[in-house]
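Summary of the model geometry
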Amino acid sequence: MSKGRSEIRYNYLLDTWVIVAPERQNRPHDFSQSSQSENVDPSRCPFEPKALSQEVFALREEGAKPDEWRVKVIPNKYPVLRKETLPLEKGEDFYSAIEGFGVHEVVIDTPDHFKRVSDFSIGELKDLLSVYRERMRELYSDRRVKYVLVFKNYKREAGASIFHPHSQMIALPLVPTAIRKVIEQSRKYYLKVGRCYLCDELSFELKERKRVVYENTSFAVYCPFYSLFPFELRVMPKFHSCDFSKLNDEHLEGLADALLKALKKLYRALDDPPYNLYIHSSPPLFPQSELFFHWYIEIVPRLTVQGGLELGSGFYVNPVPPERAATTLSEVKL
Ligand SMILES: [Zn+2]
Ligand SMILES: [Zn+2]
């Protein structure tokens, strides 16, 4: 493969893709080995407003100086995929691989080095979500982009290499396996029942009320019946919608409220756990997905380590029943 550049290889047996990304090896880590993630020195932080020269997008007041912003997007210095790619080298005809085209951006959630997202105001979280929305729309305007994933790794145990609050966006040249699976299953249900699976699941949950953690007029937070991980949380619109990037400002506010409640509850109940967060939204060009795809945000606290059972069988062992997790989280007073 081209030296230093990514390649996306197909795993035939598992029907999935792997991004081989040698550039990622050079990535620095600002977490010191001894301290966990607390007290990381802002003077060594690459995301401090004054240290940042590159800018893909920024949210700032009118007339503000370049280093005054509320949310800023920069290119990832150690990208998993690149916009400029080199053609694949020939010689491995047995396998399928495509060149590592894509876009990998970092969203700096706040100029404040020490401000956790769970401590944001609703307005600050709405700003952040609006930046996700803007960048998603923009990245999808490139026809080569087939899927955009927005995600967040909070703390080193969840894969973060920089302490300063940040999220990531990755534009992919194909629809990832996890999304293809969700599309297939949702479409199957729609063809059989004539309704959206997640609309039905949510109305069952809101009736049953065993796993609901929080709801406002437009969004609900619940622990899925089939959660793979302890305290897994889903934040989902109560109205049918397949595309996060089409949310209007009013809904963004409802989402900010629900997401903030979910993060605050996790923070209090589990003493500031590491977590991953991602948005599953429909690929825009997927035929009829507006009928059966329902977008959602998943928050997965990283409390357990996956071992051979999970890798070897695909079976996950979740030691905390989602009903119990939901009860614990609902009882957290904010
Ligand atoms: Zn910082
Ligand atoms: Zn739906």
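Residues numbered from 1 in each chain as written. Chains lettered and ligands numbered in written order. Predicted model: local features only at pLDDT ≥ 70, side-chain atom pairs only at ≥ 80, totals over all residues. Heavy atoms only, no water.

An unreviewed UniProt entry lists the protein under the name Galactose-1-phosphate uridylyltransferase, with Phorcysia thermohydrogeniphila as the source organism. Here is the UniProt Sequence similarities (unreviewed entry) comment for the protein, exactly as written: "Belongs to the galactose-1-phosphate uridylyltransferase type 1 family." Word for word, the UniProt comment on the protein under Cofactor (unreviewed entry) is "Zn(2+)". (UniProt positions renumbered as here; feature names shortened; annotations may be inferred.)

**With respect to the layout of surface pockets**
Gaps left between atoms are located by rolling a probe of water-molecule size over the structure's atoms. The calculated volume of the largest pocket comes to roughly 2,100 Å³. Every residue lining the largest pocket is counted, 43 residues in all, and those nearest its centre are Thr177, Ala178, Ile179, Tyr278 and His280. At the level of secondary structure, the elements contributing two or more residues to the lining of the largest pocket comprise β2 (16-20), β7 (147-154), β8 (166-172), α2 (177-193), α3 (197-208), β12 (275-280), β13 (296-301) and α6 (308-313). Broken down by element, the residue count for the lining of the largest pocket peaks at nine residues, all from α2. Of the residues assigned to the lining of the largest pocket, the class counts are 27 nonpolar, nine polar and seven charged. Shared between two domains, the lining of the largest pocket takes at least three residues from each, and those domains are domain 1 (7-176) and domain 2 (178-330). Forming the walls of the second largest pocket are 21 residues, and the residues nearest its centre are Pro46, Phe47, Ile74, Lys77 and Ile162. (1 Å grid on protein atoms, 1.4 Å probe; cavity = no way out; pocket = protein on both sides within 12 Å on 5 of 7 lines; lining within 4 Å. Points joined across faces, edges and corners; volume = space filled by probe spheres on them. Helix = DSSP H or I, 4+ residues; strand = E, 2+ residues; numbered from the N terminus. Nonpolar A, V, L, I, M, F, W, Y, C, P; charged D, E, K, R; others polar. Domains from an automatic or database assignment.)

**Some details on the environment of Glu205**
Assignment of secondary structure puts Glu205 in helix α3. With a relative accessible area of 2%, Glu205 lands in the buried category. Between the C-alpha atom of Glu205 and that of Lys333, which follows or precedes it by 128 residues, the distance is 21 Å. If we ignore the near neighbours within four places in the chain, the residues touching Glu205 are Arg211, Val212, Tyr222 and Phe225. (Buried < 20%, exposed > 50% of the residue type's maximum accessible area, 1.4 Å probe, protein only. Contact = heavy atoms within 4.5 Å.)

**Section: α2**
An α-helix turns once per 3.6 residues; consequently, residues spaced three or four apart project the same way. For α2, with 17 residues, the first-to-last C-alpha span of 24 Å sits near the 24 Å given by 1.5 Å per residue. For α2, every residue scored as buried is listed here: Ile179, Ile183 and Ser186. Taken around the axis of α2, the buried residues stretch over an arc of 75 degrees, which confines them to a single face. Away from its buried face by more than 90 degrees, α2 exposes Lys188, Leu191 and Lys192. Residues of α2 that are buried make contact with β7, β12 and α5 (289-292). Positive phi shows up at Gly194, right after α2, with a value of about 85 degrees. (Expected span 1.5 Å × (residues − 1). Arc of directions from axis to C-beta.)

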